[in-house]
Amino acid sequence: MAKKNKAAISPTREQDYSAWYQEVVKASDMAENSPVRGCMVIKPWGYALWENIVYNMDILFKETGVKNAYFPLFIPLSYLEKEAEHVEGFAKECAVVTHHRLEKDGKGGLKPAGKLAEPLIVRPTSETIIGESMARWTSSYRDLPLLLNQWANVVRWEMRTRMFLRTSEFLWQEGHTAHATEAEAKERTMLMLDVYTKFVEEYLAMPVIRGRKTVSERFPGADDTICIEAMMQDKRALQAGTSHFLGQNFARGSGIKFQNEEGEEAYAWTTSWGSSTRMIGGMIMVHSDDDGLVLPPRVAPAHVVILPIFKKGEDRRIIMESVQGLKDVLEEKLFHERKLNVEIDDRDIGGARGWDWVKKGVPVRIEIGPRDIEKNSVFMARRDEPASQKQSMNREAFIDQITDILDNIQDNIFNRAVNHQKEHTFEIDDKKEFYKLYKNTSGYNNGAFVMAHWCGSEKCEEKIKNDLSVTIRCIPFDSPIEEGKCISCDSASSRRVLFAKAY
RNA sequence: CGGGAUGUGGCUCAGUCUGGUAGAGCACAGCGUUCGGGACGCUGGGGUCGGAAGUUCGAAUCUUCUCAUCCCGACCA
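Cut-offs and rules
Residues numbered from 1 in each chain as written. Chains lettered and ligands numbered in written order. Predicted model: local features only at pLDDT ≥ 70, side-chain atom pairs only at ≥ 80, totals over all residues. Heavy atoms only, no water. Helix = DSSP H or I, 4+ residues; strand = E, 2+ residues; numbered from the N terminus. Rg over C-alpha atoms; globule rule 2.2 N^0.38 Å. Buried < 20%, exposed > 50% of the residue type's maximum accessible area, 1.4 Å probe, protein only. Contact = heavy atoms within 4.5 Å. Areas by Shrake-Rupley, 256 points an atom, 1.4 Å probe, with all protein chains shown as cover. Pairing = 2+ DSSP bridges. Axes fitted to C-alpha atoms, helices over the stretch in contact; angles between N-to-C directions. Expected span 1.5 Å × (residues − 1). Bend = angle between axes of the 7 residues up to and from the residue. Polar contact = N/O pair within 3.5 Å; in protein donor to acceptor, adjacent residues only side chain to side chain. Salt bridge = Lys/Arg side-chain N within 4 Å of Asp/Glu carboxyl O. Near = heavy atom within 4 Å. Nonpolar A, V, L, I, M, F, W, Y, C, P; charged D, E, K, R; others polar. Core = buried A, V, L, I, M, F, W, Y, C linked by side-chain atoms within 4.5 Å. Phe/Tyr/Trp six-rings, centres within 6.5 Å; stacked < 30°, edge-to-face > 60°. Lys NZ or Arg CZ within 6 Å of the ring centre and 35° of its normal. Parallel < 35°, antiparallel > 145°, perpendicular 65-115°, else oblique. Left-handed = near helix turned anticlockwise from the far one by under 90°. Disulfide = S-S within 2.5 Å.

**Some thoughts on the overall build of chain A**
Turning to step 1, where the next piece is worked out: When helices and strands are counted, chain A shows 14 helices and 26 strands.
Turning to step 2, where the next piece is worked out: By the compact-globule yardstick of 23 Å for 503 residues, chain A fits well, its C-alpha radius of gyration being 26 Å.
Turning to step 3, where the next piece is worked out: Dimensions of chain A along its principal axes, counting C-alpha atoms only, are 85 × 65 × 60 Å.
Turning to step 4, where the next piece is worked out: The burial tally for chain A puts 53% of its 503 residues in the buried class.
Turning to step 5, where the next piece is worked out: Partitioning the intrachain contacts of chain A with sequence separation of at least 6 by distance along the chain shows that 70% fall at a separation of at least 24.
Turning to step 6, where the next piece is worked out: A total of about 23500 Å² of accessible surface is found on chain A, and carbon and sulfur atoms cover 48% of it.

**Considering the sheet that holds strand S15 (residues 304-308)**
Turning to step 1, where the next piece is worked out: With respect to topology, 5 strands assemble into an open sheet ordered S18-S15-S19-S20-S21, the strand pairing being mixed. Every interior strand has two partners, whereas the edge strands, strand S18 (342-344) and strand S21 (390-394), have only one. Across the sheet, the mean angle from the axis of one strand to that of its neighbour is 30°, orientation sign disregarded.
Turning to step 2, where the next piece is worked out: By the bridge criterion, 5 bridges tie S15 to strand S19 (residues 364-368) in an arrangement that is parallel. By the bridge assignment, valine 304 is partnered in S19 with valine 364.
Turning to step 3, where the next piece is worked out: Lying on the sheet, helix H9 (residues 316-330) is in contact with S15, S18, S19 and strand S20 (377-382); it crosses S15 at an angle near 170°.

**Side note on helix H12 (residues 395-423)**
Turning to step 1, where the next piece is worked out: Along its 29 residues, H12 runs 39 Å from first to last C-alpha, staying within 8% of the 42 Å computed at 1.5 Å per residue.
Turning to step 2, where the next piece is worked out: Residue glutamine 401 marks the point of greatest curvature in H12, where the axis turns by about 55°.
Turning to step 3, where the next piece is worked out: Of the residues that open H12, the one with a side-chain oxygen 2.8 Å from the backbone nitrogen of glutamate 396 is asparagine 394.

**Some remarks on the side chain of glutamine 410**
Turning to step 1, where the next piece is worked out: In this structure, glutamine 410 sits in helix H12.
Turning to step 2, where the next piece is worked out: At a separation of 3.0 Å, a polar atom in the side chain of glutamine 410 contacts the main-chain carbonyl oxygen of glutamate 202.
Turning to step 3, where the next piece is worked out: When neighbours within four sequence positions are excluded, glutamine 410 is seen to be in contact with Glu202, Tyr203, Leu204, Ala205, Pro296, Pro297 and Arg298.

**As for the pattern of salt bridges**
Turning to step 1, where the next piece is worked out: Scanning the model with the defined rule gives 26 salt bridges in all.
Turning to step 2, where the next piece is worked out: With a closest N to O distance of 3.4 Å, glutamate 331 and lysine 327 form a salt bridge.
Turning to step 3, where the next piece is worked out: According to the relative accessible area criterion, lysine 327 is buried, its value standing at 18%.

**Notes on the protein's contact with RNA strand B**
Turning to step 1, where the next piece is worked out: Near RNA strand B there are 41 residues, and of these Lys213, Gln239, Lys312, Ser388 and Lys390 occur at the shortest range.
Turning to step 2, where the next piece is worked out: The sugar-phosphate portion of RNA strand B accounts for 40% of its atoms within 4 Å of the protein, the bases making up the rest.
Turning to step 3, where the next piece is worked out: Here a base nitrogen of RNA strand B sits 3.4 Å away from a polar atom, N or O, in the side chain of glutamate 217.
Turning to step 4, where the next piece is worked out: Lysine 390 places a polar side-chain atom, nitrogen or oxygen, 2.3 Å from a phosphate oxygen of RNA strand B.
Turning to step 5, where the next piece is worked out: Those elements giving two or more residues to the surface near RNA strand B turn out to be strand S11 (237-245), helix H10 (352-360) and helix H11 (370-375).
Turning to step 6, where the next piece is worked out: The residue makeup of the surface near RNA strand B, split by class, is 13 nonpolar, 7 polar and 21 charged.

**A short note on the environment of lysine 115**
Turning to step 1, where the next piece is worked out: Structurally, the position occupied by lysine 115 is in strand S6 (residues 110-122).
Turning to step 2, where the next piece is worked out: Taking the C-alpha atoms as reference points, lysine 115 and histidine 99, 16 residues apart in sequence, are found 4.4 Å from one another.
Turning to step 3, where the next piece is worked out: With near-sequence residues (within four places) excluded, lysine 115 lies in contact with Thr98 and His99.

**Concerning the environment of glutamate 127**
Turning to step 1, where the next piece is worked out: Along the chain, glutamate 127 falls in helix H5 (residues 127-137).
Turning to step 2, where the next piece is worked out: Linking glutamate 127 and glutamate 83, residues 44 residues apart in sequence, is a C-alpha distance of 9.7 Å.
Turning to step 3, where the next piece is worked out: A distance of 2.6 Å separates a polar atom in the side chain of glutamate 127 from a polar atom in the side chain of threonine 125.

**Re the nonpolar core**
Turning to step 1, where the next piece is worked out: Core analysis: the largest hydrophobic core is formed by 57 residues, its most contacted members being Ile53, Phe164, Phe199 and Ile284.
Turning to step 2, where the next piece is worked out: Those elements that place two or more of their residues in this core are helix H1 (17-27), helix H2 (44-62), helix H6 (182-202), strand S10 (224-231), S11, helix H8 (278-287) and S15.
Turning to step 3, where the next piece is worked out: At 8 residues, the largest contribution of residues to this core is made by H2.
Turning to step 4, where the next piece is worked out: Leave out the neighbours within four places in its chain, and phenylalanine 199 touches Ile53, Asn56, Met57, Leu60, Leu204, Met279 and Val299.

**Comments concerning the packing of aromatic side chains**
Turning to step 1, where the next piece is worked out: All chains considered together, the criterion is met by 15 aromatic pairs.
Turning to step 2, where the next piece is worked out: When the centroid spacing of 5.9 Å and the interplanar angle of 85° are considered together, the rings of phenylalanine 170 and tryptophan 172 count as edge-to-face.
Turning to step 3, where the next piece is worked out: Judged by relative accessible area, which is 9%, tryptophan 172 ranks as buried.
Turning to step 4, where the next piece is worked out: Ring-pair connections join several aromatic residues into one group, and the members of that group are Trp50, Phe61, Trp151, Tyr196 and Trp273.
Turning to step 5, where the next piece is worked out: Over the aromatic face of tyrosine 79 sits the side chain of lysine 82, whose NZ or CZ is 3.9 Å from the ring centroid.
Turning to step 6, where the next piece is worked out: Lysine 360 extends its terminal NZ or CZ atom over the ring of tryptophan 45, reaching a point 4.7 Å from the ring centre.

**Some details on the packing of H9 against H12**
Two packed helices can be described by the angle between their axes and the distance between those axes.
Turning to step 1, where the next piece is worked out: Running from N to C, H9 and H12 cross one another at 30°; their axes reach a closest spacing of 11 Å. With respect to their mutual orientation, H9 and H12 come out roughly parallel. H9 and H12 meet at a crossing whose hand is right-handed. Taking contact as the criterion, the partners of Ser322, Gly325, Leu326, Val329 and Leu330 in H9 are, on H12, Arg395, Phe398, Ile399 and Ile402.
Turning to step 2, where the next piece is worked out: Per-class residue counts for the contact of H9 with H12 are 6 nonpolar, 2 polar and 1 charged.

**Examining the state of the cysteines**
Turning to step 1, where the next piece is worked out: Scanning all chains against the criterion turns up 0 disulfides.
Turning to step 2, where the next piece is worked out: With no disulfide of its own, cysteine 227 has cysteine 474 as its nearest cysteine by sulfur position, at a separation of 4.7 Å.
Turning to step 3, where the next piece is worked out: Of the cysteine sulfurs around cysteine 455, a residue in no disulfide, the closest is that of cysteine 460, at 3.7 Å.

**Quick look at the sheet that holds strand S5 (residues 96-104)**
Turning to step 1, where the next piece is worked out: One open sheet holds the 3 strands; their spatial order is S4-S6-S5, and the pairing between them is antiparallel. The outermost strands of the open sheet, each flanked by one partner alone, are strand S4 (74-76) and S5. The mean inter-strand angle of the sheet, taken between neighbouring strand axes irrespective of direction, is 45°.
Turning to step 2, where the next piece is worked out: Relative to S6, S4 runs antiparallel, the two being bridged by 3 bridges. Following the sheet pairing, phenylalanine 74 is matched in S6 by valine 122.

Written out as structure tokens, the structure reads:
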């Protein structure tokens, strides 16, 4: 029978954070592990969420003049060699295609045949192959800027994987732009970070810290990498998007040249920027609770689920008509320019039905039974509140207020995340205190965000990383210039940087 | 690539030490009673025990080899 106060997800966050995470993914029916090492199957509920992310982000990109295109999955091995640091950064995680045919091996199996003259790699990112096209498309300053984006899958052969957070194959978008001037390219780098910030905060309801990566954390081959970092509930940091100013490094490697207004030949200035299905992992870890997934309404695959309640001897038809009627009315309403999506679940599986939708994270659950039909009411529960807190509402009032309720949920989970981040962000000036905070922290309370002074040397950065597995997530744009001493070596420092354990 | 562990219905696992021909819970299907905080009863379907070879009258169980996965390192946006 009913087990009161039992969490729907086991273990809870405090008991075992990473097992809780895997369980939320499974219980929400978003994704599952596949037989292929390190790869996952994204199920309809998870993919619908991704489609909403793609749809909304794509609009924001296009508003800045970016156009979509598509480039090959395979990249000739020699292309990767065009930018020295780039090779260094990605060589170790590339899947390589060496053959193009299978033959019978005589033992009932198949063996590769038809060796390729030049091996192909499966793209880990596409700077080099897109650079090749850009080089051919650019001959005059009038051809610039080139503002391209592609939605694609990439492969990075990671040693250890976790669903959504790090998988060997993942879905993402990668933007690539080429400009005539350095200033314009830098401006674009920042503009795209603004887009990411807007999307992640307003749609995924995840507050982020914006800043610049240190040299050692930079994208391989970039002159500058800027990023947004979010705090998960276990206090670790997750990068939710990055934007790179590539200088002329890739332009030189790929030969992206043009004649400027003075008639001189010049190399273009390029940028690239990306965000992936990893954002979904972040979204899960920021909002979900011990009852499962909590979806931000603005990207939820369904906004409302209606559960008809049947009583013995009652006419099911009357209830189903009422339920269908409510769905029809709701689906005519717009929530941020998107029609409301309403599910009806009339499965005959008892109370487990309601919990299914709690675990799937649907923002609003509605129960309609004989009593509601009599009273012209609905029984409403919000996913951002405890599962027990249901309230009766007048049916018309509910229809009237639903979009406000959804906005309210969106704001509520965002504010909750803002507060969580504030509560676990500290300024620390004492080395002992810094080490004490990070030493022996794990699981649900895995450190904190610490704003501390750093002298700028890679040595200090490296030492802290080795001692504590803590890295400089970024040098926040808004960290003020102030006198201080490096948390590691005591040398003079002019500003604080953001330290955290990272995913 | 080093260290450790595990492979038994869809899932989680028992059975392995001490060989005797396959089990449980959950899930699934049918029927009935149910349904506003996680339902119950009855019936039923589904496994050549990761693979190969060996020992034996007989192998999930013992031996050897092999494959795969997971964990800890190393690595890593």
